[in-house]
Structure formats: C-alpha cells, structure tokens
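# Results of the structural survey
These are the residues of each chain, in order.
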Amino acid sequence: MLPAPDPALPRLHLGGRALPVVGRARIYVCGVTPYDVTHLGHAATFVWVDAVDRVLRRLGVQVDVCRNVTDVDDVLTDAAQRAGQPYERFAAVQAFHFERDMAALSVRRPTHEPRAHTFVPQVVDLAAALVDSGAAYTAGGSVYLSGAPVVERARLGREEALALLQANNGRTDDPVKRDPLDQAVWQASSADEPAWPSPWGPGRPGWHAECTAMALSTFGPTVDLHAGGADLRFPHHAFESAQAEAVTGVVPFARTWLHVGTVQVGGEKMAKSTGNLVFVGDLVARSSGAVVRTMLLDRPARDAWDHTDADLEQAGVRLDALHSAAGRPGGTDAETRAVLEALADGVDVPRALDLATEAGGRAARDLIAVLAL
Ligand SMILES: [Zn+2]
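Predicted model only: the values in this text are computed from it and were never measured.

### Quick notes on the overall build of the chain
- Assigned secondary structure in the chain consists of 14 helices and 13 strands.
- On C-alpha atoms alone, the chain measures out to a radius of gyration of 22 Å, which is about the 21 Å that the 2.2 N^0.38 rule sets for 373 residues.
- Once the C-alpha set of the chain is aligned to its principal axes, its extents read approximately 70 × 45 × 40 Å.
- Sorting the 373 residues of the chain into buried and exposed places 51% on the buried side.
- Look at the contacts in the chain between residues 6 or more apart in sequence, and 76% of them connect residues 24 or more apart.

### Topic: the sheet that holds strand 12 (residues 268-269)
- Strand order in the open sheet formed by three strands is 12-11-13, and the pairing between neighbours is mixed. With partners counted over all chains shown, the strands left at the sheet margins are strand 12 and strand 13 (305-306), one partner each.
- In terms of strand pairing, strand 11 (residues 263-265) meets strand 13 through two bridges, oriented parallel. Within strand 13, the position partnered with Q264 by the bridge is D306.

### As for the pairing of strand 7 (residues 183-188)
- The buried fraction of strand 7 amounts to five of the six residues, a majority that puts the element mostly inside the structure.
- Alignment of strand 6 (residues 142-145) against strand 7, held across three bridges, turns out to be antiparallel. Bridge pairing in strand 7 links Y144 to A184.
- Sheet topology note: the strand 7/strand 8 (residues 203-205) ladder contains three bridges and is antiparallel. Each residue of the ladder has a partner; that of W186, found in strand 8, is P205.

### Observations concerning the environment of G266
- Inspection of the secondary structure puts G266 in the loop between strand 11 and strand 12.
- G266 sits 41 residues away from H307 along the chain, and the two C-alpha atoms are 7.7 Å apart.

### Things to note about the sheet that holds strand 6
- Strand order in this open sheet of four strands is 5-6-7-8, and the pairing throughout is antiparallel. At either margin of the open sheet sits one strand with a lone partner, and together these are strand 5 (136-139) and strand 8. On average, each strand axis in the sheet is inclined to that of its neighbour by 20°, with strand direction left out of account.
- Bridge count for strand 5 against strand 6 is four bridges, and the pairing is antiparallel.

### Here's the deal with the packing of aromatic side chains
- For the structure shown, the criterion picks out four aromatic pairs.
- Between the aromatic rings of F46 and F98, the centroid separation amounts to 5.4 Å while the plane-to-plane angle is 80°, which identifies the pairing as edge-to-face. In this pair, F46 sits in helix 1 (residues 40-58) while F98 sits in helix 3 (residues 87-104), placing the two residues 52 residues apart along the sequence.
- On the accessibility criterion, F46 (4% relative accessible area) is buried.
- Ring centres of Y137 and Y144 lie 5.6 Å apart, and the angle between their planes is 35°; on these two criteria the pair is classed as tilted.
- By relative accessible area, which is 6% here, Y137 ends up buried.
- Given the relative accessible area of 1%, Y144 is considered buried.
- A cation sits over an aromatic face here: R67 above F46, 5.5 Å from the ring centre.
- Its guanidinium or amino end placed over the ring of Y137, R178 lies 3.9 Å from that ring's centre, counting from NZ or CZ.

### Some words on empty space enclosed by the protein
- By the definition in use, this model includes two cavities of 30 Å³ or more.
- Taken as a whole, the largest cavity spans an internal volume of roughly 100 Å³.
- Lining the largest cavity are 13 residues, with V49, V65, R67, V107 and R108 positioned closest to its centre.
- Among the secondary structure elements, those contributing two or more residues to the lining of the largest cavity are helix 1 and strand 4 (62-67).
- No other element matches helix 1, which puts five residues into the lining of the largest cavity.
- Of the residues belonging to the lining of the largest cavity, the class tally is six nonpolar, one polar and six charged.
- Put simply, the second largest cavity is a space of about 40 Å³.

What counts, and at which threshold
Residues numbered from 1 in each chain as written. Predicted model: local features only at pLDDT ≥ 70, side-chain atom pairs only at ≥ 80, totals over all residues. Heavy atoms only, no water. Helix = DSSP H or I, 4+ residues; strand = E, 2+ residues; numbered from the N terminus. Rg over C-alpha atoms; globule rule 2.2 N^0.38 Å. Buried < 20%, exposed > 50% of the residue type's maximum accessible area, 1.4 Å probe, protein only. Contact = heavy atoms within 4.5 Å. Pairing = 2+ DSSP bridges. Axes fitted to C-alpha atoms, helices over the stretch in contact; angles between N-to-C directions. Phe/Tyr/Trp six-rings, centres within 6.5 Å; stacked < 30°, edge-to-face > 60°. Lys NZ or Arg CZ within 6 Å of the ring centre and 35° of its normal. 1 Å grid on protein atoms, 1.4 Å probe; cavity = no way out; pocket = protein on both sides within 12 Å on 5 of 7 lines; lining within 4 Å. Points joined across faces, edges and corners; volume = space filled by probe spheres on them. Nonpolar A, V, L, I, M, F, W, Y, C, P; charged D, E, K, R; others polar.

Structural measurements only, silent on function.
Pasting the structure below:
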C-alpha cells in the first residue's frame, strides 16, 4: 500500500502549471543511443530528470521513471561497423560506460530501463495498428506514418520540418515514401542491416516507434511527464506522441513535457562532427560528480547555455558555500519550507540554492539531501 500523501507539502508545478498526481507519477525520458561516450549535453537531461524525480519524492509522491536504451538505431549500426564489432557487443560496452557516468553524477537508476531490441514485436504490433487506423501506410516492405498532420500540429513550416528531419536521419530522400515528411514506423532492411521478421518482410523499428512502443508497454496510454533534450522536440517527440495518440485515442499522450536546454560550446551545439564534445568523465575527474551536478542544475532547465571552463569553478564555489552553510546549527521550519517551495515551483534550483545558503542549517542540509549534492 502507498503511504498517504502529506497535504501540508507543496505541490509540484512544471511549465507554470500544477502537475497533480494520483497514485504514482510516471516519467518517461528518452535515453541514449549507446554509440558514443556520454557528453555533457546527454548528462544535462538525465540529471534534470533525476532532480525532478527526487523533488517529487521529497514532496511525498511515488515516482516511476522509465529511461530507455535505443540499442537498435542506424547511427549505432554505422558506428559499430566503423569499429568493426557486432552491434550488440558494441552497444553493451557503450551502455556500461554510460551507467558508470550516471553513477558518478548520482543519477538514480530508473525503475524501468527497456532496451529497444527486446521491444521489436511491440513495434510490429504498433505498426499494424497504425496501418489499421489509417494513420500509416505500407510501401516497399516499410510502414510509414503520414508526416503532414504531425508537422502541422508541431506548428512548423514544411521547409523547416524537412531541415529538422534531414538533421535527424529522417530519410527525406527515401523514394518509396508518398511524402518526404513521412517517417518509418517500420523500416525494411537490406542484407547488411539488422533485421527482424514482420508481416511486411525483414526490417527494423523506426526510432520514434521504439519509444512509442516502450512507453505504451511500460506505462499504458499516457505519461505524467515526458522528458528529453530540446533537440528531440521535433521530429522525435512529435512523431512518438502522434503514434501513441493514433493508436490509443488517449490525448494527450504526455501531460507535461520537459525539454532540457541544449548545452553549447563556443556557441555551437555539442556534436562529434564539430569536435566540441565535453565528456562527463573528464569533468568529474577534474572536480567531482556533485560539482558537475550543481553546474547542470544551477540554471533554468529549459534554457540553452554555453559551457565554459569557468562554469565548473563557479559551481565548485557555489557547492562549497552550501556545504559550509549546512554546517551551521539549527534552522527553522519556515526556512526549510521556503527552499522546498522553490523546488516545487518548477524545480527552481538557483533560487533554492540561494535560500538554503543564506539560511544555512537545516534548510541547507535538506537541500543537499533532496538534490544529492
Ligand atoms: Zn524517445
């Protein structure tokens, strides 16, 4: 039986709105495609989800987090081929490094951690249901979701949508599709690509369909909070939720979204091609997991920001001040409550840090415990 919630505790607001939860909160976050070492941009998303998870728990809510592993993906297949390894083994090694980095950053293990390769039959079911509903069609051994309604709902222009699809491996040049905007729910595979049997011939799940299948299988037709990096808003989340809603008829698929701001270096998004990746392991080695956590959380969650070396130093100073303040004796209920209210108000970590450091004592100790700093 769940413990009774404490009505005296503040209620979480996200994106300016209350997020009332009956029973357990269901949080789905798009996980990694394990083809590369974890960089600061990935880490920001998972540390923020962890902070929301911990704040909800402190507010008396039971939380289930589902963070998938996209271990069936064309980007991963290409990377494994370049490394000359079978993609399953390649993905397992990368996933191990990822878990080590998450542990260093004190990110709790998710309740559910589905791996895409074990959800292939569910993607086949999803694709068949989407064809039945008329939202998708079959062509050349693939199943495509019609993209135009998704783009319209995302309030994007056609050219803008095409550019975003091209930047996200959206195969806009696939001649089999009726419209370049359409996205594969199920993709026919050639002889050298990973393949599973399906009613349409050998193929593999589309990226967006994997998350739809894993979210629906884990949580049912709706989630309380769906999180991911800001760059996943379109096409990934737009297609993921369109597929879920078309199949279940339950709208909205996600009650609230948290799109964590992009981490840039030198004014550009971190990318392997740009050569500006900052790795979590390097930063943790130079400081500590708690300092890197503080650096990621001590800012508005949704804003893009430019990372420099000075950030790490600043976060260290900020964390030292909080720890010194926590060493002061005493503290009042009102001070602890004020810090909690800042956290409940959109997980406003900068304000909570200011209040806790100023008050010191119990309020500071409570914040350290809640945010694992
Ligand atoms: Zn996803």
